[in-house]
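# Report on the structure
Take a look at the letters that make up each chain.
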Amino acid sequence: MPQEVTRRRFVLQTLGMIGGATVTGEILPLLAEAAKRKQVLRVAMERDFETLRPELAAGDTVNMLRRLIYTTPILWGTQPRPDGSLIYDPDNIEMGLATAYKISEDRQTIEFVLRNNAKFANGDPISAQALKDSYAWFLGAKGSGQLKVNGLPSADRIEVVDDVTVRLHLDRPVAWGLIGNALLSSSSIIHAKEVLKHATADDPYGTKWLETKTVESGAFVIETWQKGAMMSLVPNPHAFQPSKLERIILQVVPDASTRRIVLERGDVDFAVQIATKDIPDLRKVSGVRVASYPSARGWFLGMTWNKAPFNNIHFRRAMAWAMPYETILQVVTHGLAERARSCVPNNISGYVGDLWPYETNLDKAREELAQAQVPDGFAVTIPVYAGDLFDEEATVLIKESLAQLGLTLTFQKMPISQKRSLMTQKQVDMAVYDWRPWVPDAGYFIYWNWLPDSFTNYWNYQNPEAQALGNEAITMAVGSPERNAKLRRFQEIVNGDIGLVPLFNQFDNIVMRENVQGYVYYPDTVPVLAKMSLG
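Residues numbered from 1 in each chain as written. Predicted model: local features only at pLDDT ≥ 70, side-chain atom pairs only at ≥ 80, totals over all residues. Heavy atoms only, no water.

## Re the overall build of the protein chain
Stated precisely, the cut-off is as follows: In this text, helices come from DSSP runs of H or I with a minimum length of four residues, and strands from runs of E with a minimum of two, each type numbered from the N-terminal end. With C-alpha atoms as the basis for the radius of gyration, the globule rule is written as 2.2 Å multiplied by the number of residues raised to the power 0.38. Relative accessibility under 20% of the residue-type maximum defines a buried residue, over 50% an exposed one, and the middle range a partly exposed one, all with a 1.4 Å probe and only protein chains included. Contact between two residues is taken to exist if any of their heavy atoms lie within 4.5 Å; hydrogens are not considered. In these tables, accessible area is a Shrake-Rupley quantity obtained with a 1.4 Å probe, and a residue counts as shielded only by the protein chains included in the view.
Helix and strand counts for the protein chain stand at 18 helices and 20 strands. For 535 residues, the compact-globule estimate of 2.2 N^0.38 gives 24 Å, and the C-alpha radius of gyration of the protein chain, at 24 Å, lies within 12% of that figure. By principal-axis analysis of the C-alpha atoms, the protein chain measures approximately 75 × 60 × 50 Å. By residue count, 58% of the 535 residues in the protein chain fall in the buried class. A fraction of 69% describes how many contacts in the protein chain between residues 6 or more apart in sequence connect residues 24 or more apart. A total of about 21,500 Å² of accessible surface is found on the protein chain, and carbon and sulfur atoms cover 49% of it.

## Notes on the sheet that holds strand 3 (residues 86-95)
Under the convention used in this document: DSSP-based pairing: two strands are paired if at least 2 bridges between them are found.
The strand order 2-3-19 describes an open sheet built from three strands, whose pairing is mixed. For this open sheet the edge positions go to strand 2 (74-80) and strand 19 (520-521), each flanked by a neighbour on one side alone. Bridge count for strand 2 against strand 3 is seven bridges, and the pairing is antiparallel. Bridge pairing links Trp 76 to Ile 93 in strand 3.

## A few points about the packing of helix 17 (residues 464-474) against helix 18 (residues 481-497)
Put simply, the rule reads: Helix axes use the C-alpha atoms of the stretch in contact, all axes being lines fitted to C-alpha atoms, and the angles between their N-to-C directions lie in the range 0 to 180 degrees. Under this scheme an angle from 65 to 115 degrees is roughly perpendicular, one under 35 degrees roughly parallel, and one over 145 degrees roughly antiparallel; angles in between are oblique. Put simply, a crossing is left-handed when the front helix is turned counterclockwise from the back one by less than a right angle, and right-handed when it is turned clockwise. In the scheme used here, Gly and all other residues not listed as nonpolar or charged are polar, with Ala, Val, Leu, Ile, Met, Phe, Trp, Tyr, Cys and Pro taken as nonpolar and Asp, Glu, Lys and Arg as charged.
Interhelical geometry of helix 17 versus helix 18 gives an angle of 150° and a closest axis separation of 9 Å. Regarding the angle of helix 17 to helix 18, the classification is roughly antiparallel. As helix 17 packs across helix 18, the resulting crossing turns out to be left-handed. Here helix 17 contributes Glu 465, Ala 466, Leu 469, Gly 470, Glu 472 and Ala 473 to the contact with helix 18, which in turn contributes Arg 483, Lys 486, Leu 487, Arg 489, Phe 490, Ile 493 and Val 494. Here the residues of the contact of helix 17 with helix 18 are counted per class, giving seven nonpolar, one polar and five charged.

## Remarks on unusual backbone geometry
A cis amide bond links Ala 308 with the next residue in sequence, Pro 309, at an omega value of -5°. By the secondary structure assignment, Pro 309 is in the loop between strand 12 (288-303) and helix 11 (313-322). A positive phi is found at Gln 273, a non-glycine position, where the angle reads about 55°. If you trace the backbone, Gln 273 turns up in the loop between strand 11 (270-271) and helix 10 (279-282). A positive phi angle, near 55°, is found at His 334, a position not held by glycine. Structurally, the position occupied by His 334 is in the loop between helix 12 (325-331) and strand 13 (337-339).

## Here we look at helix 3 (residues 60-69)
Along helix 3, nine of the ten residues are buried, which leaves the element largely enclosed by surrounding structure. Taken as a whole, helix 3 has its buried residues at Thr 61, Val 62, Asn 63, Met 64, Leu 65, Arg 66, Arg 67, Leu 68 and Ile 69.

## Focus: the packing of aromatic side chains
Under the convention used in this document: To pair, rings of Phe, Tyr and Trp, with the six-membered ring standing in for Trp, must have centres within 6.5 Å; the planes then decide the type, stacked if under 30 degrees apart, edge-to-face if over 60, and tilted in the middle. Each ring is checked for a lysine NZ or an arginine CZ that lies within 6 Å of its centre and within 35 degrees of its normal; such an atom marks a charge sitting over the ring.
All told, the structure shown has 28 aromatic pairs when counted by the stated rule. Members of the aromatic cluster, joined through ring pairs, are Trp 176, Phe 300, Tyr 433, Trp 435, Tyr 444, Phe 445, Tyr 447, Trp 448, Phe 455, Tyr 458 and Trp 459. Stacked on the ring of Tyr 293, the Lys or Arg Arg 81 has its end atom at 3.9 Å from the ring centre. Looking at Lys 399, its charged tip hangs above the ring of Phe 411, at a distance of 5.1 Å from the centre.

## Some remarks on the layout of surface pockets
The condition is simple: Using a 1 Å grid laid over the protein atoms alone, points where a 1.4 Å probe fits but cannot get out form a cavity; open sets with protein on both sides within 12 Å along at least 5 of 7 lines form a pocket; any residue with an atom within 4 Å of a point counts as lining. Grid points are joined across faces, edges and corners, and a volume is the space filled by probe spheres set on the points.
Considered as a void within the structure, the second largest pocket measures approximately 600 Å³ in volume. Lining the second largest pocket are 25 residues, with Pro 90, Ala 175, Trp 176, Ile 179 and Val 478 sitting closest to its centre. Elements that contribute at least two residues to the lining of the second largest pocket include exactly strand 3, strand 4 (98-103) and helix 6 (177-182). Considering every element that reaches the lining of the second largest pocket, the biggest residue donor is strand 3, with five residues. Class assignment of the residues belonging to the lining of the second largest pocket gives a composition of 18 nonpolar, four polar and three charged.

## Side note on the confidence of the model for the protein chain
Just so we agree on the cut-off: The pLDDT value tells you how sure the predictor is about a given residue, anywhere from 0 up to 100.
Overall, the predicted model of the protein chain reaches an average pLDDT of 91, with 92% of residues at or above 70. Contacts from residues 1-28, a stretch scored under 50 in pLDDT, to residues over four places away or in other chains number 43 contacts.

## So, empty space enclosed by the protein
If you walk through the whole model with that rule in mind, you get two cavities of 30 Å³ or more. Each pocket or cavity is described by its volume, and for the largest cavity that value is around 140 Å³. Lining the largest cavity, in full, are Asn 63, Arg 66, Arg 67, Tyr 70, Thr 72, Leu 183, Leu 184, Ser 185, Ser 188, Trp 438, Asp 524 and Val 526. A breakdown of the residues in the lining of the largest cavity according to their chemical character gives five nonpolar, four polar and three charged. For the second largest cavity, the calculated volume is near 40 Å³. Along its surface, the second largest cavity is lined by Tyr 433, Phe 445, Asn 449, Trp 450, Thr 456, Asn 457, Tyr 458, Trp 459 and Leu 500. Taken together, the residues of the lining of the second largest cavity break down into six nonpolar, three polar and no charged.

## Here's the deal with the environment of Val 501
Structurally, Val 501 can be placed in strand 17 (residues 501-513). Separated by 200 residues in sequence, Val 501 and Leu 301 have C-alpha atoms that sit 5.0 Å apart. Not counting residues up to four positions away in its chain, the partners in contact with Val 501 are Trp 299, Phe 300, Leu 301, Met 303, Ala 320, Met 323, Tyr 325 and Trp 356.

## Brief notes about the sheet that holds strand 7 (residues 165-169)
What the four strands build is an open sheet, ordered 4-5-7-6; its pairing is antiparallel. Each edge of the open sheet carries a strand with a single partner, namely strand 4 and strand 6 (158-162). Neighbour-to-neighbour, the strand axes of this sheet turn through a mean angle of 20°, independent of strand direction. Where strand 6 lies against strand 7, four bridges are found, and the strand directions are antiparallel. Following the sheet pairing, Glu 159 is matched in strand 7 by Arg 167.

## What to know about the nonpolar core
Using the following cut-off: Grouping buried Ala, Val, Leu, Ile, Met, Phe, Trp, Tyr and Cys residues that are joined through side-chain atoms within 4.5 Å yields what is termed a nonpolar core.
Counting residues in each nonpolar core, the largest one holds 151 residues, and the members touching the most others are Leu 250, Phe 315, Met 430 and Val 501. In terms of nonpolar packing, the next biggest core, distinct from the first, is built from 15 residues, Ala 44, Ala 271, Leu 282 and Val 288 among them.

Okay, structure coming up:
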C-alpha cells in the first residue's frame, strides 16, 4: 500500500479527522509509528493547554496535563465501587514521590521520606532539596496562595533533613494539611533550578520559559506539541512508576458534539467534557462505557449582602421558596444530579443535609416578598456564562419562576473569566454559579467561601458566630465529634441566614471506550491518564 494511503488511513482511524483539525506533515510519521502500538491512548479534549506553568489555576484540562508531567509526593488511594469502577479512597493514601509520611501529634509538622532513585526527565535527582526548591518557587512566583491555605506561608518552614527527608512546619494545623501540601497543584514538583536558569530581571522566576518548556518529573514527557491541535506524550525514561501506555495523544476537539461523535466512532478512547444531555444516549452505544459519580461540584444561587433588597431576610426566603428545584434537576441536568441542601456541597466530609427546609412554593415566596417591601417592577441584571449550559439553562428557569412573582431578570452574557472577576470584586447582585472544592472537606470549602476575608466570599456574607465556628473547624482533625458539631452548627446558622440558595450537585459523567482500563475518579475530577491502559 502506498505510504500516503497508509498515513491517511492512520489519521482517519486514530484521529478521525477530529473536529476538522489538520495534522501537519511533520507529525504524520510520529502518528503512523504510534499506530503500530497497542498501548496508545487517544484523548479528545475541549481546548489546548495555555501554559505548562503548574501554579496557574487554569481548569481541569491543564490539571490533567499537570498530573502527567509533574509528580506529587502522594495521591489519594483507590477503592472499587459495587459496579467495579474505581473511585478514590478518602481514608487511604497512595505513595507517589514519597515512600512514607509522618504527621506530628499537634498536626503542625509533616515529614516525607522520598524515593532515593527518583529523577527528573533530564536525569537530575528529585531530592529533598529539589522538593524544597520546587515549593519555594511556588511561594515566590505568585503561586503561593494554595500553600498558604495549607499552612505553609514561606520557604523557611521547609526543612531538608537529609537527601530524602523533608519536614514541613505549618504555621497552624489545618484539616487538609497532608492533602493540601502533597497532592494539589502547588505540590507539583518542578525542576526549579533549571527553570531559574531562564530567569530575567523582568521575569525573576523564569515563568515565561515555563509557559512552553519544562523538565518533567511525572510519568510522561512531552514529545510533540502542535499548538491549537494536539500534544503527544511518551513515558518518562526515569519514571519511578512506569505506565502501561506507550504514548498518549491529546487532541483538541472544541465542540462537545464532535467529541461525542469521535468517541462513538472509536476515533478516540477517552473524551472529556461531554454534554450531559448526551449521556443517556451514550449509555446505549455499543463499545462505549459511561460511569457517573456524584460529585462535590455544587451549583448555587448567590445574592449580595451589600444592598437592599438582597440583604433582607424576607427577600432571601422568597428566593429560596421560588427556586424551581426539581425542574432544574430534570431539564438542566437530565436527572444526572442530586438536590443540594446546605451552604456547603454534598459529598464532602462534614456536609449536613437536613437543615434546608425549602421546596418550590410560590405562594410562600409571595408572602415573604410582601414582607420584604420590594418595589413593583423590581428588576436585576444577572451575569451568565453562556459557554456553560448548566449556568445558562438554570438561570433561564429561575427567570421564568421569578417572573411569576413580578420580578424581572435581565441576562448579561459574558466569558466565565469576566463573570468570576466581577464576582470576586463583589460587583454582582445575584448569580447562578458553581464551586468545586479540590479537597472534599467542609472546612476547606468554608475557608475559601464563608470567612470575612475568603477569596470567594463573593456575596460579602457576615455573621460573627458562624464565621468563628468556621475558623475553629478549619484547624480541627477531620471526623472528630467536636468538629462535626461545629460544622453542623455553622451550616444551621448560614442556612438560616440563606447565605446562598443551594440548587444541585452535578454528577461527573466519565465517557470512554469499553477497552479502557484503570480510570479512577478523584474528588477534583482530574483523570490520571498514566494509570490507564487499553485492554
